[in-house]
Amino acid sequence: MTISRRVFVKTSGLALFSLGLDPLFLARAVASYPPLPSLTVPDRPVLVCLFQRGAVDGLNMIVPHGEPLYYRERPRIAIPAKDVVDLDGHFGLHPSLAPLKDLWDNKSLAAIHAIGSPDATRSHFDAQDYMESGTPGVKSTSDGWLNRYCRHDQEHADTAFRAVAFGPQLPRILAGTSPALALDDLQAFGLRVPQEAARDKLTRAFEELYEGAATGLLASSSQEGFAAIDVLKRVNPAQYRPANGAAYPQGRFGRSLLQIAQLIKSDVGLEIAFADLGGWDTHVNQGSSDGQLATRLRELGLGLAAFNRDLGERMRSVVVLTMSEFGRTIAENGNSGTDHGHATAMLALGGPVNGGKVLGNWPGLGPADRFEGRDVAVTTDFRDLFGEILVRHLGATDLSVVFPGFTPAPSRFPGAVRG
Amino acid sequence: MRLRFLTVWLALAVPAALGAQALTPRDSALHALNRLAYGPRPGEVDSVAGLGVMRWIERQLDFERVPDDRLAGRERAFKLLDYDRAELAQRYGDALRERREMQREMAQSGDTTRRRGAAAPMREFRQLGGELQQLAVVRAALSERQLREVMVDFWTNHFNVFVGKGADRFLTPSYIEETIRPNALGRFEDLLIATAKSPAMLFYLDNAQSVAPGVSPPRRQPRAPRGLNENYARELLELHTLGVDGGYTQQDVIAVARIFTGWGIDRPQQGAGFAFHEWAHDRGEKQVFGMRFRNDGVNEGIRLLKLLAAQHATMHHVSAKLCARFVSDEPPDGCVDAAVEAWHHTNGDIRAVLRAIFTAPDFWAPQALRAKVKTPLEFVVSAVRATGAEPDSTLRLAQVVTRLGQPLYLQPAPTGYPESQAQWVTSGALLSRMNAAVALAAGRMPGVRLDLDAIIPLTTHHAQLTDLVNARLLGGSMSAHTRSVILEQLADVNDPRQARTLAVGLALGGPEFQRQ
């Protein structure tokens, strides 16, 4: 579904109505507009965005274990050097992320450190909003940057599953005029009638209703919905078994990743997938190698490793990107936790990723290097990373419409995608 | 006397004055009920048509005279309304303290296996947050003062705040009760000033954090605000008043922000009300659109708000939004101009502006009929009203609205929810509406009691059933195609109850009922 087709349907439907043509004729007319693009789009490049809501502590996720200051500032919560999974002698993974070490070694995992927003806010609400709208400091942006990418990218045909967010509502990052699907669970998508025969009958009935009597967006969107139901019937989510013995972690996040993998393998035209996971706001009792943060990172690491294993060869056209609204204070606080900070770290995983590297300019932890004297400084604007992935992985041609008021320059790209 | 004459004239003459394109009395009644109200209840199309649609509109504008006892009775079930802002602030503070205490205990005992569960005070507080949403749904469904509820929703959205942001968790209820509701059909200027002074807005758009550069509070505070914060100033100009093309500059935004320095909030222990902090105010001279503001404390802001409320750009921006709500997503110039003219004449009397819209030919034009797609709130409430269902006082019906994509008071962006259909009409959203319609028809919609027998008696006669559904639920708007599809579906259904469920579910989930 491209915007132009939506407009076409809208105008043609209204025109026919005003001519006073009978609804049955209209039904045929609506049904005869340009055919849906093929639902099968093999090997399409895919971007999976995972939002760590609550501001992940980048310093305990990608640990600067080569810096004595890190240990001095965090006497109770620093990851002991013996536990860190070393990456390059200076940085290392939190031990909970050990399942990702193989991916680092085969160069499909990169970390980007000291990344964040040019806006100084330490409000979760504002910072998440800015990261999703893609316009730091501008609150009135109504749509999200992933939606703007979909709207302006004419290279890739829309299908019912082009942009999918797992969750009850469409997140801000995908909000906008380009069609995007929010769903809790693939198995629950469609009409909720227990018996299959009755469900099919009711689905057909609604489909006929909308084919014949709906106009404009109601017609095109309902058609997308019924097309998606058809696709899912073929894909049959209930029967899905992960490949290569991949074991996803229990819970909503693991389930979302599993279903994203399933959609990718089903070639239903998925290009953008989104899921989020919370629990990163570790003000109190954050823990070190074990504890609160370790538990959350374990779920993330196991999930990413299972996703990678499940997709196997298909990872050649997939990039998974983690993001979080900001980082946390360099020093631990009085409650063995950390408070809201500035820059954080993000992970990029997948075949196209320029892996085996910690990317970005590391500003250091010294008092003079900090942001406002307390936080890791931002040296990479998140839009330079997001922009690089859109251009080099998905083939976006015009970033000015995706990030209005900002010009991501290839010279500032952190180099997350192999050229 | 003159007003009464005008009213009678309108009641009798306006639909007829539209000449050849005049709608039937039932068509105009249905149109008015779809736009000025959350859709008709059983029999209401006929009663409004019988009264005269313009007379009904006048009554809705003059809402104080419309008795609303049944709703008042239902409102008593909402504990939220028993607490004022100070009490809510205190309860929230208690809940937070209790939670921190629990976490500290967990930290000391080293017990990290327990998840961060909510202690009782926090659970109770969240329950109050749910009541806030449910109260809006119950009022929309049951109030006899329908236009007022529609306007409360409109202004709540125009002056959006986000209940999920920090102190707005306890500031939003009083924002609705004391800032929005009393001013919803009053003067725009009063409403604008009320929102500017409301703690909920001062917190949401960070004006409470905005202080003159270089100053610090008389008493040391742990996290004292530093410097200017332009958020409120920018949204005030862009969203609340002039509009994005309203002809202001970044310099104006900064000057406006300086004028509002000092507009803040009392500490929660002192009631969390509006406070003007002299120490935080920028005493320098400011220039906005070439007008000079010399140091005059809180009066500078009041003067600026009055000035903004009287700008032509503001009248045009807000009138166009009202017309997008009441006429069509992209309203014709005619109704917007009529609204602006009424605004000029009456200095922003909201009732007069609305009256101008409801008497504009554009409002009654055939292309305006069913031109708008319902929002999730409008869809749910109109379905509940159409079927004569009674929402209960649990939080479940509000949760249906949330699941359909419009969690009330939870739109983070200051733009509020968009008025245009593109936001609401997506494949997943439509399927959810179909599911909700079928659930309601089957008596399985959570949070409502439904007695369909009173509206659509059981019958084995399928054509009769379908005609009843059309007349009672769709106000006669069912297309021939929809009728034939429903009849086709009923063909092999023998059980009259099942047949009714299917017919009602298809009608409410079908395309006609998505429009208004």
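What you are looking at is a predicted structure, and each value in this text was computed from that prediction instead of being measured. (Residues numbered from 1 in each chain as written. Chains lettered and ligands numbered in written order. Predicted model: local features only at pLDDT ≥ 70, side-chain atom pairs only at ≥ 80, totals over all residues. Heavy atoms only, no water.)

Draft legend 1. Layout of the overall build of chain A. A tally of regular secondary structure across chain A gives 12 helices and 12 strands. Counting all 419 residues of chain A, 63% fall into the buried class. Of the accessible surface of chain A, which amounts to about 14,700 Å², a share of 54% is contributed by carbon and sulfur atoms. (Helix = DSSP H or I, 4+ residues; strand = E, 2+ residues; numbered from the N terminus. Buried < 20%, exposed > 50% of the residue type's maximum accessible area, 1.4 Å probe, protein only. Areas by Shrake-Rupley, 256 points an atom, 1.4 Å probe, with all protein chains shown as cover.)

Draft legend 2. Quick look at the overall build of chain B. Looking only at helices and strands, chain B features 25 helices and six strands. Projected onto its principal axes, the C-alpha positions of chain B cover 80 × 70 × 40 Å. Taken across its 516 residues, chain B has 58% of its residues classed as buried. Put simply, 73% of the contacts in chain B that link residues at least 6 apart link residues at least 24 apart. Approximately 21,100 Å² of chain B is accessible, and the part contributed by carbon and sulfur atoms is 49%. Across chain B, the mean location of the 62 positive side-chain charges is 4 Å away from that of the 57 negative side-chain charges. (Contact = heavy atoms within 4.5 Å. Lys, Arg positive; Asp, Glu negative; His and termini not counted. Charge placed at Lys NZ, Arg CZ, Asp CG, Glu CD.)

Draft legend 3. Quick peek at the packing of aromatic side chains. Scanning the model with the defined rule gives 23 aromatic pairs over all chains in all. Note on B:Tyr92 and B:Phe125: the rings are 4.9 Å apart at their centroids and 50° apart in plane angle, and the pair reads as tilted. Highlighted residues: B:Tyr92 in helix 6 (residues 85-109) and B:Phe125 in helix 7 (residues 120-142), separated in sequence by 33 residues. B:Tyr92 sits in the buried class, given a relative accessible area of 9%. Above the plane of the ring of A:Phe51 lies A:Arg53, whose end atom (NZ or CZ) is 4.6 Å from the centre. (Phe/Tyr/Trp six-rings, centres within 6.5 Å; stacked < 30°, edge-to-face > 60°. Lys NZ or Arg CZ within 6 Å of the ring centre and 35° of its normal.)

Draft legend 4. Just the sheet that holds strand 4 (residues 92-93) of chain A, in detail. All names here are of chain A. On the basis of which strands lie adjacent, the open sheet formed by three strands has the order 2-4-3 and antiparallel pairing. Each of the sheet's edge strands pairs with one partner strand only, and the pair in question is strand 2 (62-63) and strand 3 (85-86). Where strand 2 and strand 4 come together, two bridges link them in antiparallel fashion. When the bridges of strand 4 are listed, Val 63 appears paired with Gly 92. (Pairing = 2+ DSSP bridges.)

Draft legend 5. Inspection of the interface of chain A and chain B at higher detail. Chain A puts 45 residues into the contact, and the matching count from chain B is 53 residues. Across the interface of chain A and chain B, roughly 4,200 Å² is buried in total on both sides, 62% from carbon and sulfur atoms. When the buried area of chain A at its contact with chain B is split by residue, A:Phe125, A:Leu209 and A:Leu218 rank highest and sum to 16% of it. Summed over the shared surface of chain A and chain B, the result is three salt bridges. Put simply, A:Lys139 and B:Asp206 hold a salt bridge, and the shortest N to O gap is 3.2 Å. At the boundary of chain A with chain B, the tally comes to 10 residue pairs in polar contact (both at pLDDT 80 or more). (Buried area = accessible area lost by both parts, 1.4 Å probe. Salt bridge = Lys/Arg side-chain N within 4 Å of Asp/Glu carboxyl O. Polar contact = N/O pair within 3.5 Å; in protein donor to acceptor, adjacent residues only side chain to side chain.)

Draft legend 6. Region of interest: the nonpolar core. Judged by nonpolar contacts, the single largest core of 226 residues is most densely connected at A:Phe161, A:Phe307, B:Met151 and B:Trp155. It is helix 7 of chain B that provides the largest number of residues to this core, a total of 10 residues. Ignoring anything within four residues of it in the chain, the contact list for B:Trp155 reads B:Ile180, B:Ala184, B:Phe188, B:Leu191, B:Val318 and B:Ile350. In terms of nonpolar packing, the next biggest core, distinct from the first, is built from 39 residues, A:Ala110, A:Leu174, A:Leu385 and A:Ala416 among them. (Core = buried A, V, L, I, M, F, W, Y, C linked by side-chain atoms within 4.5 Å.)

Draft legend 7. Quick peek at the pattern of salt bridges. Tallying each qualifying case throughout the model produces 65 salt bridges over all chains. In this structure, the salt-bridge partner of A:Arg44 is A:Glu271, at a minimum N-O distance of 4.0 Å. Here A:Glu271 lies in the loop between helix 10 (252-265) and strand 8 (272-277) and A:Arg44 lies in the loop between helix 2 (23-31) and strand 1 (46-52), a separation of 227 residues in the sequence. Judged by relative accessible area, which is 4%, A:Arg44 ranks as buried. Here B:Arg41 makes a salt bridge to B:Glu144, at a shortest N to O gap of 3.1 Å. With B:Arg41 in the loop between helix 2 (25-35) and helix 3 (44-51) and B:Glu144 in the loop between helix 7 and helix 8 (146-158), this residue pair connects regions lying 103 residues apart in the sequence. Take B:Glu144: its relative accessible area is 31%, and that puts it in the partly exposed class. One salt-bridge network, in which partners are shared between bridges, spans B:Asp153, B:Arg325, B:Asp329, B:Lys372, B:Glu378 and B:Glu419.

Draft legend 8. Main features of the packing of helix 15 (residues 312-326) of chain B against helix 16 (residues 333-346) of chain B. Residue and element names in this part refer to chain B. Where helix 15 meets helix 16, the closest approach of the two axes is 9 Å, and the angle between their N-to-C directions is 130°. Taken as axis vectors, helix 15 and helix 16 run oblique relative to one another. For the pair helix 15 and helix 16, the crossing hand works out as right-handed. For the pair formed by helix 15 and helix 16, the contact residues are His 312, Thr 314, Met 315, His 316, Val 318, Ser 319, Ala 320 and Cys 323 on the first element and Cys 335, Val 336, Ala 339, Val 340, Trp 343 and His 344 on the second. For the contact of helix 15 with helix 16, the per-class residue count stands at nine nonpolar, five polar and no charged. (Axes fitted to C-alpha atoms, helices over the stretch in contact; angles between N-to-C directions. Parallel < 35°, antiparallel > 145°, perpendicular 65-115°, else oblique. Left-handed = near helix turned anticlockwise from the far one by under 90°. Nonpolar A, V, L, I, M, F, W, Y, C, P; charged D, E, K, R; others polar.)

Draft legend 9. The arrangement of the pairing of strand 5 (residues 109-116) of chain A in detail. All names here are of chain A. Along strand 5, eight of the eight residues are buried, which leaves the element largely enclosed by surrounding structure. Where strand 5 meets strand 11 (residues 358-359), two bridges bridge the pair, whose relative direction is parallel. Residue Ala 111 lies in a different strand from strand 11, and its bridge partner there is Val 358. Bridge analysis of strand 5 against strand 12 (residues 380-381) gives two bridges, and the strand direction is parallel. The residue bridging Gly 116 from the neighbouring strand is Asp 381, located in strand 12.

Draft legend 10. Fine view of the confidence of the model for chain B. Residue and element names in this part refer to chain B. Confidence in the prediction for chain B averages 91 pLDDT; 93% of positions are at 70 or higher. Low pLDDT, under 50, characterises residues 1-13; the predicted model gives this stretch nine contacts beyond four residues in sequence or across chains. Here residues 15-20 scores under 50 on pLDDT; set against residues more than four positions off or in separate chains, the count is six contacts. As a predicted assembly, this complex carries a pTM of 0.82 together with an ipTM value of 0.89. (pLDDT = per-residue confidence, 0-100.)

Draft legend 11. Focus on unusual backbone geometry. All names here are of chain A. Of note, the phi angle at Ala 55 is positive, near 80°, even though the residue is not glycine. Residue placement: Ala 55 occurs in the loop between strand 1 and helix 3 (58-61). Residue Ala 55 is classed as buried on the basis of its relative accessible area, which comes to 0%. Here Ala 114, not a glycine, exhibits a phi torsion of approximately 55°, which is positive. With respect to the secondary-structure elements, Ala 114 resides in strand 5. The class of Ala 114 is buried, set by a relative accessible area of 0%.

Draft legend 12. Molecular detail of helix 10 (residues 188-197) of chain B. Among the 10 residues of helix 10 of chain B, seven are classified as buried, and the element is accordingly described as predominantly covered. When helix 10 of chain B is considered as a whole, its buried residues turn out to be B:Phe188, B:Glu189, B:Leu191, B:Leu192, B:Ile193, B:Thr195 and B:Ala196.

Draft legend 13. View of the packing of helix 22 (residues 462-473) of chain B against helix 23 (residues 480-490) of chain B. Residue and element names in this part refer to chain B. Packing of helix 22 against helix 23 brings their axes to within 10 Å, and their N-to-C directions diverge by 135°. Taken together, the axes of helix 22 and helix 23 are oblique relative to one another. At the point where helix 22 passes helix 23, the crossing takes the right-handed sense. Facing helix 22, whose interface residues are His 462, Ala 463, Leu 465, Thr 466 and Asp 467, helix 23 presents Arg 483, Ile 486, Leu 487 and Leu 490. Partitioned by chemical class, the residues of the contact of helix 22 with helix 23 number five nonpolar, two polar and two charged.

Draft legend 14. Representation of the state of the cysteines. Using the criterion set out here, one finds zero disulfides over all chains in the structure. In this structure A:Cys49 is not part of a disulfide, and its nearest cysteine sulfur, from A:Cys150, lies 10 Å away. Assessed through its relative accessible area of 0%, A:Cys49 is described here as buried. Its sulfur unpaired, B:Cys323 is 3.6 Å from the next cysteine sulfur, which belongs to B:Cys335. We classify B:Cys323 as buried; its relative accessible area is 0%. (Disulfide = S-S within 2.5 Å.)

Draft legend 15. Local environment of the environment of A:Gly144. Following the sequence through the fold, A:Gly144 ends up in the loop between helix 6 (124-133) and helix 7 (145-152). Under the relative-accessibility criterion, A:Gly144 is labelled buried at 0%.

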